[in-house]
Amino acid sequence: MSKFLIFIFLPILFISCQNHPSNNFDNYINTVAGPMPIDSMGLTLIHEHMLVDFIGADSISPDRWNRDSVIVKVLPYLMEVNKHGVRTILDCTPSYLAKDPLLLKALSEKSGIQILTNTGFYGAVRGKYLPDFVQTETAEQLAERWIAEFENGIEGTGIKPGFIKISVNEANTLSPIDQKLVKAAGITHQKTGLTIASHTGTWKTASQELKILKEMEVKPSEFVWVHAQNEPDFANYEKAAEMGVWISLDGIGWAIDPYVERLLFAKENRILGNILISHDAGWFDPAKPGGGDFQPFTNIFEKLIPILTEKGFTDKDWNQLLVENPKEAFVFSK
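Described below are features of the structure shown in this document. (Residues numbered from 1 in each chain as written. Predicted model: local features only at pLDDT ≥ 70, side-chain atom pairs only at ≥ 80, totals over all residues. Heavy atoms only, no water.)

With respect to the nonpolar core
Side chains that are nonpolar tend, in soluble globular proteins, to be buried together.
Right, so step 1: One finds Trp 225, Leu 263, Ile 277 and Leu 304 to be the most contacted residues of the largest nonpolar core, which totals 88 residues.
Right, so step 2: If you look at the next biggest cluster of nonpolar residues, it comprises 17 residues, including Met 36, Leu 90, Cys 92 and Val 226. (Core = buried A, V, L, I, M, F, W, Y, C linked by side-chain atoms within 4.5 Å. Buried < 20%, exposed > 50% of the residue type's maximum accessible area, 1.4 Å probe, protein only.)

Here you go:
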């Protein structure tokens, strides 16, 4: 058995700072329990969802779900990945899609897993999850909202975001609204240091976002190309990696084979240092009885690692993908 496979089943000791009143760390992450030293991050899943409500921005309300019921459903899945050695999860549910920082804090406390939430807005699906004011406010005004969450906490909870999550529509040319969201994310990054993770798809769209950010003097290494598994031309992974972009292959909860070939390509072409992997799993849906079928966060450990280890992936490769890359991608300094 791979040493890494043995390692991920062992409990890992890490510094617990959940009651720390202030941030005294030079390099850190913002979790729902407060700032944590970057070295506490450990084995990390960079794109998962505890709760998502697809009703739309005009109807979303915390009254649509019961936190206790969500915890009962979701907690066993977190305890399961805890046994696999997972220490940190980034919850990518955005505002107006049931982002619930207090729920995430409760799940973190009960599971022992650090959880990060986000700031930003989700522009895909023709703006279904955008509040009306996004149409009229400037990028600067939107950024002010997101910066305020970083400085003061989200919706009065005191819980601060650990990254920026936006979403754009797949298109030959980004719409004015999508361009505005990218610019707002760029401004927010400049003021906070938070990494930008953008639900994108193909390189055709990601490259347009990067052009906007480059004009704003935001480094490509501060950008996570989310859902890059939808890119059909693997050569574009090399282009992105050469720029310093983080390439997120994050649907492993739903399929394995497409990720095997992409990760083999990344290893063969020496770009594993730019790759992030996750499941995009979970999805308690309050519109469905009992929250619907919750997708586990385990395919990486139970399926992908054994397959790719047989094909030559080493402990060093897995440590790169699941420990070192997330730490480098999402750390920020004072």
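Now that the structure is up, let's keep going.
Points about the sheet that holds strand S7 (residues 163–167)
Right, so step 1: Strand order in this open sheet of 6 strands is S6-S7-S8-S9-S10-S11, and the pairing throughout is parallel. Only two strands of the sheet have a single neighbouring strand rather than two, namely strand S6 (118–119) and strand S11 (275–277).
Right, so step 2: Where strand S8 (residues 196–199) and strand S9 (residues 223–226) come together, 4 bridges link them in parallel fashion. Paired with Ser 198 across the strands is Trp 225, a residue of S9.
Right, so step 3: Against the sheet, helix H8 (residues 235–243) engages S9 and strand S10 (246–249), with an angle of about 140° to S10.
Right, so step 4: On the sheet, helix H11 (residues 315–330) packs against S7, S9, S10 and S11 and is oriented at approximately 105° with respect to S11. (Pairing = 2+ DSSP bridges. Helix = DSSP H or I, 4+ residues; strand = E, 2+ residues; numbered from the N terminus. Contact = heavy atoms within 4.5 Å. Axes fitted to C-alpha atoms, helices over the stretch in contact; angles between N-to-C directions.)

Looking at the pairing of S10
Right, so step 1: The two faces of S10 match: Trp 246 and Ser 248 on one face and Ile 247 and Leu 249 on the other face are all buried.
Right, so step 2: The sheet contact formed by S9 and S10 spans 2 bridges and is parallel. Among the inter-strand pairings, Trp 225 is bridged to a residue of S10, identified as Ile 247.
Right, so step 3: Tracing the backbone out of S9, into H8 and back to the parallel element S10 gives a crossover that is right-handed.
Right, so step 4: Direction of pairing for S10 relative to S11: parallel, over a ladder of 3 bridges. Each residue of the ladder has a partner; that of Ile 247, found in S11, is Ile 275.
Right, so step 5: Between the parallel elements S10 and S11, the chain passes through helix H9 (residues 257–268) in a crossover that is right-handed. (Right-handed = clockwise from strand over helix to strand, strands pointing away.)

Brief notes about helix H7 (residues 203–215)
Right, so step 1: End to end, H7 covers 18 Å across 13 residues, agreeing with the expected 18 Å (1.5 Å per residue, within 8%).
Right, so step 2: For H7, the set of buried residues is Trp 203, Thr 205, Ala 206, Gln 208, Glu 209, Leu 210, Ile 212 and Leu 213.
Right, so step 3: Against the buried residues of H7 lie S7, helix H6 (176–192), S8, S9 and H8. (Expected span 1.5 Å × (residues − 1).)

Here we look at the sheet that holds strand S3 (residues 43–51)
Right, so step 1: What the 4 strands build is an open sheet, ordered S5-S4-S3-S12; its pairing is parallel. Every other strand in the sheet has two partners, leaving strand S5 (114–116) and strand S12 (282–284) as the edge strands with one partner each. Across the sheet, the mean angle separating the axes of adjacent strands is 30° when strand polarity is ignored.
Right, so step 2: Bridge count for S3 against S12 is 2 bridges, and the pairing is parallel. Following the sheet pairing, His 49 is matched in S12 by Gly 282.

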